[in-house]
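If you want the building blocks of each chain, they are given just below.
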Number of protein chains: 2
Amino acid sequence: MSKVDASEKSLTGRKRQRVTIADVARQAGVASMTASRALNRPEMVSAELRVRVLHAADALNYIPDRAAGGLASGTGLVLPVLVPTLHHSVYVQILEGLQERLPDAGYQLMLGSTEYSPAREEQLVEAFLGWRPSAVVLSGLDHTERTSRLLRASGVPVVEIMDLAVEGETGQALDLNIGFSHTRVGEAAATYLARCGYRQIAYAGTLTTLDPRSVRRIQGFQTGLAQLKLPPHLIGRSDQPSSLAVGRELLLSLRRDFPEVDAVFFANDELAAGALFECQRLGIRVPDDLAIMGFSDEEIASHLNPALTTVRIARHEMGRRAAELLLARLGGTLNNPPPIDMGFEIVQRRTTAEPQEMS
Amino acid sequence: MSKVDASEKSLTGRKRQRVTIADVARQAGVASMTASRALNRPEMVSAELRVRVLHAADALNYIPDRAAGGLASGTGLVLPVLVPTLHHSVYVQILEGLQERLPDAGYQLMLGSTEYSPAREEQLVEAFLGWRPSAVVLSGLDHTERTSRLLRASGVPVVEIMDLAVEGETGQALDLNIGFSHTRVGEAAATYLARCGYRQIAYAGTLTTLDPRSVRRIQGFQTGLAQLKLPPHLIGRSDQPSSLAVGRELLLSLRRDFPEVDAVFFANDELAAGALFECQRLGIRVPDDLAIMGFSDEEIASHLNPALTTVRIARHEMGRRAAELLLARLGGTLNNPPPIDMGFEIVQRRTTAEPQEMS
DNA sequence: TCTGCTTTTGATAACGCTAACATCCAAATG
DNA sequence: CATTTGGATGTTAGCGTTATCAAAAGCAGA
């Protein structure tokens with residue numbers, strides 16, 4: 001009763017005394033350093049004191065101030081993760097993969113979505129660096145000059161996911177890197193569709209984003225077509241983010257502008273699904289009249305009628321391994337590992353014809 | 001070759017040196033307090049100094065330490081948001097609504113997903129409170145006793161979303177509340193399906209979660225059926241989270257266990273979509289053989305063939321208004337507003353028959 | 001020129017915590 | 001029995017920032 005808390009008014013009371021570790025220590029009859037140890041390094045403290053301190057902390061509803069702790073110890077256990085969007089389940093699943101191990105290791109994930117804008121990424125990186133992050137997770141390899149500079153200057157470990165640093169194709173990774181080559185995905189898709197017998201093959205996506213990863217997928221796709229001496233077709237809408245509705249629109253403009261096209265590779269499964277719905281509505285037979293291929297193998301792909309041929313990437317796994325990489329780096333047991341290629345896999349379903357062996 | 005630290009003769013340790021505001025001040029030839037002001041309250045400082053300080057800060061890649069700032073000022077501009085999952089686009093869109101205004105006001109959103117577990121929610125609340133949050137956003141009104149206690153003790157403003165505190169139906173809101181009544185949604189769905197002429201109406205969901213909001217939706221649904229003297233049917237799977245695949249399984253067990261059922265209200269659109277895909281596969285005609293109704297009106301609902309009848313809730317709007325509520329509370333211009341009912345709306349599409357006027 | 005203001009700038013002391021070192025005390029050693 | 005030893009506890013000194021108030025500088029009007 002030494003301390004009289006006059007303002008017991010709960011939620012509206014402006015002035016409220018925070019419970020500090022000193023309060024806990026006083027209550028337990030020890031020095032605050034001892035209380036700190038009892039809470040953070042229990043093994044360094046006698047069993048009896050440990051109990052007393054824990055008890056006092058609980059009784060007082062003590063919650064350690066992480067700002068103060070971080071400031072004093074120099075270690076902020078914050079881990080920002082920047083993704084382009086949460087709209088695609090790809091990124092949600094990557095997050096889940098990351099969540100699997102990081103929070104248990106004491107790290108607090110902070111989420112930011114860049115909406116595919118490098119400028120917004122820069123803002124977010126700047127904001128997050130203020131939290132003394134232990135590391136930063138970024139999506140993709142392409143950042144503004146300032147983003148890279150800030151990150152480099154901060155000396156914070158970085159993992160770039162969802163893209164793969166390849167000599168001559170992409171920029172260099174800032175630090176750690178795990179992902180897959182979008183160029184190769186594009187090439188593989190072109191080759192695959194050609195093997196299925198298609199000759200007028202199109203790429204369809206929302207060019208809006210100018211997302212460098214899509215761009216590289218397109219380039220790979222065009223390279224693939226060129227090697228097979230097939231003509232490239234490209235359609236896109238530039239004014240909206242990806243959605244089922246845009247998928248439908250893309251299908252319509254495709255039929256209008258390139259009626260000769262017999263197969264389409266969409267930038268993602270959502271667009272592909274939208275297109276497929278539109279085909280159902282219009283009575284276009286898939287794959288007989290038109291073949292459709294998606295990208296990323298979201299859950300819906302296997303449930304559509306007919307089921308969608310697409311490209312599977314190991315998102316959850318990628319998140320998990322990114323987390324492991326980080327923990328290893330933070331633990332000091334990692335120097336300069338090369339980029340890790342998670343690869344990808346074409347999942348053959350019913351929206352494309354059976355592929356033939358190439359002679 | 002890295003830059004050698006030749007500055008202070010600190011004997012041991014201090015190796016990685018952060019750029020502090022003192023460095024910036026020195027470079028600009030002012031006191032650190034002035035530098036702080038130039039950065040945070042530019043209007044309190046002469047134009048000339050402002051420029052000099054900003055310039056120095058930029059040249060040094062200065063990033064203010066938010067932990068130190070928060071500690072000194074007592075104001076952590078952190079805003080934790082706890083959602084049950086990111087798997088449902090509902091929560092993603094709520095997040096977008098929140099993002100719309102909060103970051104610009106300087107608040108840093110911290111995301112946590114509880115996976116529908118109150119225990120995990122408690123953990124997260126405890127972890128987040130350590131960051132001196134300005135406020136906390138929670139999903140739903142049901143929390144562990146300790147969660148409520150910690151929040152109340154902390155004096156932090158709280159907004160509970162996605163549920164509505166109603167006398168006699170739910171618990172009281174901790175502080176601010178904006179959402180809709182799940183009980184009423186259940187009732188409305190039952191009444192609606194009855195008006196469409198169905199008499200053997202089932203509810204299907206993943207009981208796994210024991211999510212109190214679903215439970216209340218079920219209760220409302222049963223109340224609605226009881227008032228109409230219709231028999232209740234209930235099916236659920238208890239071992240997995242919701243997914244398209246589970247939707248298909250639910251449909252199968254429904255046909256097996258309750259073949260007489262002529263209409264189903266699903267716990268969400270994802271399950272309903274899965275069921276619809278399974279109907280397509282099995283040749284079950286919707287709505288002639290079986291009517292299907294979803295919940296939450298995700299994008300896919302309007303694109304399915306036939307388009308899905310469902311219940312629309314204003315997620316984005318809810319996020320936006322939650323943010324406004326918070327800002328008002330934080331600005332001090334808000335005392336004890338009553339829970340805000342965002343309502344809901346049944347969206348009639350093609351998976352149910354045309355409703356008739358009730359006599 | 002000087003007095004009484006209003007800016008603008010600076011020095012100092014927290015904020016809550018923990019690293020690093022200092023001290024203490026019981027058990028173990030000679 | 002004195003003395004070493006090592007684990008348990010306490011003391012001190014920051015961590016990087018901002019609140020607060022004191023000091024200085026500008027700027028009228030007398």
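Nothing here was measured: the structure is a model prediction, and the numbers come from that model.

**With respect to the packing of aromatic side chains**
For any pair of aromatic rings, the description rests on two quantities: the centre-to-centre distance and the angle between the ring planes. Per the counting criterion, the structure on display carries 9 aromatic pairs over all chains. Between Phe180(B) and Phe295(B) the ring centres are 6.2 Å apart and the planes differ by 55 degrees, which places this aromatic pair in the tilted class. On the criterion of sequence distance, the pair formed by Phe180(B) in the loop between β5 (176–179) and α8 (182–195) and Phe295(B) in the loop between β9 (291–293) and α12 (299–303) is long-range, its members being 115 residues apart. Judged by centre distance (5.8 Å) and plane angle (80 degrees), the ring pair of Tyr203(B) and Phe265(B) falls under edge-to-face. Taken together, the residues span a long stretch of sequence, with Tyr203(B) in strand β6 (residues 201–206) and Phe265(B) in strand β8 (residues 263–266) at a distance of 62 residues. The two residues Tyr203(B) and Phe265(B) agree in class, both being buried. An aromatic cluster is built from Tyr203(A), Phe221(A) and Phe265(A), whose rings are joined through pairwise contacts.

**Comments concerning the interface of chain A and chain B**
With 52 residues of chain A in contact, the opposing surface of chain B contributes 57 residues. Of the roughly 4900 Å² buried at the junction of chain A and chain B (both faces included), carbon and sulfur atoms supply 56%. The interface formed by chain A and chain B contains 2 salt bridges. One can count 16 residue pairs in polar contact (both at pLDDT 80 or more) joining chain A with chain B. Taken together, the elements giving at least two residues each to the side of chain A that touches chain B come down to α4 (66–73), α5 (89–99), β2 (108–113), α6 (118–129), α7 (145–154), α10 (244–257), α11 (269–282) and α12 (299–303) of chain A. Taken together, the residues that form the side of chain A that touches chain B break down as 24 nonpolar, 14 polar and 14 charged.

**Points about the packing of helix α1 (residues 21–28) of chain A against helix α3 (residues 47–59) of chain A**
Residues and elements named next belong to chain A. Running from amino to carboxyl end, α1 crosses α3 at an angle of 125 degrees, the nearest separation of the two axes being 8 Å. The angle between α1 and α3 places the two elements in the oblique class. The handedness of the crossing between α1 and α3 is right-handed. Residues Val24, Gln27 and Ala28 of α1 touch α3, and the partners they reach there are Arg52, Val53, Ala56 and Ala57.

**Description of the confidence of the model for chain A**
In the predicted model, chain A carries a mean pLDDT of 90, and the fraction of residues at 70 or more is 94%. Confidence over residues 1–15 of chain A falls short of pLDDT 50; this stretch has 17 contacts with residues more than four positions distant or in other chains.

**As for the protein's contact with DNA strand D**
Within the structure, DNA strand D sits among 24 residues, and Thr34(A), Ile21(B), Ser36(B), Asn40(B) and Tyr62(B) are positioned closest to it. Interatomic distance of 2.9 Å between a side-chain N/O atom of Arg37(A) and a base nitrogen of DNA strand D. Backbone polar atom of Leu71(A) to a base oxygen of DNA strand D: 3.4 Å apart, as the coordinates give it. Split into classes, the residues belonging to the surface near DNA strand D amount to 13 nonpolar, 7 polar and 4 charged.

**A look at the sheet that holds strand β6 (residues 201–206) of chain A**
Residues and elements named next belong to chain A. The parallel open sheet is built from 4 strands, whose spatial order is β7-β6-β8-β9. The open sheet has two free edges, formed respectively by β7 (232–237) and β9 (291–293), since each of these has just one partner strand. Adjacent strand axes in the sheet meet at a mean angle of 20 degrees when their direction is disregarded. In this structure, strand β8 (residues 263–266) lies alongside β9, joined through 3 bridges in parallel fashion. What sits directly across from Val264, in β9, is Ile292. Of the strands in this sheet, β6, β7 and β8 touch helix α9 (residues 212–227), which is tilted by about 175 degrees from β6. Along the sheet, α11 contacts β6, β8 and β9; its crossing angle with β9, the most-contacted strand, is approximately 155 degrees.

What counts, and at which threshold
- Residues numbered from 1 in each chain as written.
- Chains lettered and ligands numbered in written order.
- Predicted model: local features only at pLDDT ≥ 70, side-chain atom pairs only at ≥ 80, totals over all residues.
- Heavy atoms only, no water.
- Phe/Tyr/Trp six-rings, centres within 6.5 Å; stacked < 30°, edge-to-face > 60°.
- Helix = DSSP H or I, 4+ residues; strand = E, 2+ residues; numbered from the N terminus.
- Buried < 20%, exposed > 50% of the residue type's maximum accessible area, 1.4 Å probe, protein only.
- Contact = heavy atoms within 4.5 Å.
- Buried area = accessible area lost by both parts, 1.4 Å probe.
- Salt bridge = Lys/Arg side-chain N within 4 Å of Asp/Glu carboxyl O.
- Polar contact = N/O pair within 3.5 Å; in protein donor to acceptor, adjacent residues only side chain to side chain.
- Nonpolar A, V, L, I, M, F, W, Y, C, P; charged D, E, K, R; others polar.
- Axes fitted to C-alpha atoms, helices over the stretch in contact; angles between N-to-C directions.
- Parallel < 35°, antiparallel > 145°, perpendicular 65-115°, else oblique.
- Left-handed = near helix turned anticlockwise from the far one by under 90°.
- pLDDT = per-residue confidence, 0-100.
- Near = heavy atom within 4 Å.
- Pairing = 2+ DSSP bridges.

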